[in-house]
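Given next are the chains, with one letter for each unit.
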Amino acid sequence: MSNHLIHETSPYLLQHAANPVDWYPWGEEAFSRARREQKPVFLSIGYSTCHWCHVMAHESFEDEETARLLNENFISIKVDREERPDIDSVYMAVCQTFTGSGGWPTSIFMTPEQKPFFAGTYFPVQSQYGMIGFRDLLRAISHKWQNNRSELLESAEKMIDLLKNLVTKAGPINPALPETAVQQFRDSYDRQYGGFGSAPKFPTPHNLLFLLAYSQFREDPQALAMASTTLTQMRKGGIFDHIGYGFSRYSTDRYFLAPHFEKMLYDNALLILAYTAAYAVTKEVQHLETAEKTAAYILREMVSPEGAFYSAQDADSDGVEGKYYLFEYDEILSVLGETIGPKFNQYFGITKHGNFEGKNIPNRLHGEEVGTEYEDALSTLYEYRAKRTKLHLDDKILTAWNALMISALSFLYRVSEKPQYLCAAKRAQQYIENHLLDGSILYVSCRSDKRSGAGFLDDYAYYTAALLNLYDATCESLYLEKAETICHEAVQRFCDGKGNGFRLNGKGNESLVLTPKETYDGALPSGNAMMAYNLVRLAQMTHKQRLEEAAAAQLAYLSGEAEKYPAGHSMFLLSLLLYLNPPPNITVVLCNPSEWDTVRPQLPLYANVTVFHGPTDEYPLLRGQTTYYVCQNQTCLPPSNAL
């Protein structure tokens, strides 16, 4: 048995290719049939490592009776949110408007013209606990479509009109927004366990990056403490995989003990950035160690033979959430022995009654900082765990997420001075060049040597930032030139008119019933916020007037967007801090190219650096030695042989 998904490459779509549901991929074939047969469309959006997507698939989409109801009364479409963020953005906004919240799987019922009239997330197959079951919902919507279609069509039109009219006016640039955001973080900070708000707790590393930057620019020790303590607690908790390293998606509790066990590439990239930045500020060794262990996990388990990074690992093994990561007390003894086993169990909080559904998530929440005394035992358990059961791997290569990891590894290289991180970042960048870039045109993803459609704003914004981070790590001018080229392409393809920000989709992308424009940071920084960062950095590095004007216009636009809740726009606020507090411009003139390896570690992390491998007419050597020309705050210092 197979349906119309059988020839797709997305791991998520292929998971559903043998369902009895007659799934279609998003496309004209499905909508033409819906119009021809006058049927409503059921749209299901998810991703391959989503636990509740698996649950709904098993309960409903693998069920013959539910499939019959869908096949007889609806045209059913499956979408991988990671390959089509534009569709996900449009219909997630619909879901949030209908229900007040969102999530995956996203379940949308709409007309053949793509206009939604009902939305939700997960539905159990049978009605229970006051929640309508999916079968009953299908029957109710089918009955309404047959007997009172006009009411559904009117609801769909109202929904589209409502979402089209959500418009925010631009700035001016508001320099007080960062301070307001920090106060909002203070108000929600969990002083006992770290993090913000109550359960569930998401890492949201870009919030921590903003707090770290704010603590330095505004000399605010409380902002630093909130960020550093949160990072320490996450490292000690079960959200960090103490055996195989890397971070899970989020914590289901207040303590960072019990995670939702899927591991996403983007979370780990952003967390490498946050822990590395925290070390750069605090010099707390465990922050750097955590960044390096997270990088070790990525380089061991998430790298393709050509050097690109895979997307995610599943939360489930053998249909059980977290099974791969959980241990019983006696199981540890059987693997490590009666001498080391009891000590290990005590150290990592493993008990006979368990801390998660009768089993154990290793953690250090009950103790001090994590030490290195059980490295051999952890290695033994890692090998044992890998043989015990397997994790599903989503092995597609996403441009935006790879770009984030390139940025993370480039920054980690600068702080640690370990060349393997730069090597990995360069390999991944070369993969994008070879497989996901055509001239200055980016593509969303690649799998099985087949790339998907034209890239979206996030692909261009994140890749520009990756090239800027590679330039920061190497001072090789080619990366800066490429960054400017990709950023210019993003402006040409996605700009919504001067001062109106950037659309998620643009020239070369499919037109949808709505044009999504994301400014609010979620699990990932918004594409608009990343464009603000890119424009500010490029303007400060190149001093080109058009880039300076574009940066100011983007910051003004986002100031208006962030006014209601600044703490939800951390990446924009980080860009605003850089704009308000320009880092120094340092020109390095080497007396000998071989001196670069000695000079590079001495350069400040936050500076715009240009390197000449010999003297020029404009930048001669001072006393025949390597010379530094430093300018900051509209003032240039005399040339010097030392920073």
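Above this text sits the structure in question.
Here the structure is a predicted model, which is why all the values come from computation and not from measurement.

Colleague: Before we move on, could you go through the sheet that holds strand β5 (residues 116-120) and cite the residues and values that matter?
Modeller: As summarised here, the arrangement of the five strands in space is β1-β3-β2-β4-β5, forming an open sheet in which the pairing is mixed. Strands at the two margins of the open sheet, each flanked by one partner only, are β1 (23-25) and β5. Within the sheet, the average angular offset between the axes of one strand and its neighbour, ignoring direction, is 25°. In this sheet, β5 lies alongside strand β4 (residues 106-110) in antiparallel orientation, the contact comprising four bridges.

Colleague: Tell me about the pattern of salt bridges, and please be specific about residues and values.
Modeller: Where side chains of opposite charge bring their charged atoms close, a pairing between them can arise. Within the structure shown, the criterion is met by 40 salt bridges. With a shortest N-O distance of 2.9 Å, K323 and D318 are connected by a salt bridge. The class for K323 is partly exposed, based on a relative accessible area of 34%. Classification of D318 by relative accessible area gives exposed; the value is 57%.

Colleague: Could you give an account of the packing of helix α8 (residues 177-188) against helix α9 (residues 205-217), with specific residues and numbers?
Modeller: Their axes nearest at 11 Å, the elements α8 and α9 cross at an angle of 120°. Judged by the inter-axis angle, α8 sits oblique to α9. Crossing angle aside, the handedness with which α8 passes α9 is left-handed. Between α8, through P178, E179, A181, V182 and F185, and α9, the contact on the second element is made entirely by N207, F210, L211 and Y214. Taken together, the residues of the contact of α8 with α9 sort by class into seven nonpolar, one polar and one charged.

Procedures and definitions
- Residues numbered from 1 in each chain as written.
- Predicted model: local features only at pLDDT ≥ 70, side-chain atom pairs only at ≥ 80, totals over all residues.
- Heavy atoms only, no water.
- Pairing = 2+ DSSP bridges.
- Helix = DSSP H or I, 4+ residues; strand = E, 2+ residues; numbered from the N terminus.
- Axes fitted to C-alpha atoms, helices over the stretch in contact; angles between N-to-C directions.
- Salt bridge = Lys/Arg side-chain N within 4 Å of Asp/Glu carboxyl O.
- Buried < 20%, exposed > 50% of the residue type's maximum accessible area, 1.4 Å probe, protein only.
- Parallel < 35°, antiparallel > 145°, perpendicular 65-115°, else oblique.
- Left-handed = near helix turned anticlockwise from the far one by under 90°.
- Contact = heavy atoms within 4.5 Å.
- Nonpolar A, V, L, I, M, F, W, Y, C, P; charged D, E, K, R; others polar.

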